[in-house]
Amino acid sequence: MAKDYNSERRWTVPNKRAKGYAADRKAKVHTYGPNEGKELTEYQLGLRSGYLQAQSDHTGIYKYKKALAEGKTKAEARRISREKKKKAK
């Protein structure tokens, strides 16, 4: 079995647009809309990468600030914000 390369993530939880962008980047073609099936340019690939990274940053800072508000230390909050698994409620 292949072991996960990295147990930490770069803050990532994509929304609906980000899911489409991720699919586009993986396929390297437009997967929806009027340009469906056409190849993505380098510029379009870059835009999708930047958008996905922004989504990632937003999620991580939310989890970080939430942990600090709960009284965690900065080190604990940083660890929590980078966890891959969702916590059970």
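Structure's up top.
In this text, all values refer to a predicted model and were calculated from it rather than measured experimentally.

Draft legend 1. The arrangement of the overall build of the chain in detail. Each helix and strand in the chain was counted, giving three helices and zero strands. In the chain, the order of α-helices and β-strands from amino to carboxyl end is α-α-α. Classification of the 89 residues of the chain by burial places 21% in the buried group. When contacts within the chain are restricted to residue pairs at least 6 apart in sequence, long-range pairs at least 24 apart make up 47% of them.

Draft legend 2. Region of interest: the environment of Lys72. With respect to the helices and strands, Lys72 occurs in the loop between α2 (42–69) and α3 (74–81). For Lys72, a relative accessible area of 34% gives the class partly exposed. In this structure, Lys72 is in contact with Ala67, Ala77 and Ile80, ignoring residues within four places of it in sequence.

Draft legend 3. Representation of the environment of Glu76 in the model. Inspection of the secondary structure assignment puts Glu76 in helix α3. The spatial distance from the C-alpha of Glu76 to the C-alpha of Tyr64 is 8.8 Å, given a sequence separation of twelve residues.

What counts as what
- Residues numbered from 1 in each chain as written.
- Predicted model: local features only at pLDDT ≥ 70, side-chain atom pairs only at ≥ 80, totals over all residues.
- Heavy atoms only, no water.
- Helix = DSSP H or I, 4+ residues; strand = E, 2+ residues; numbered from the N terminus.
- Buried < 20%, exposed > 50% of the residue type's maximum accessible area, 1.4 Å probe, protein only.
- Contact = heavy atoms within 4.5 Å.

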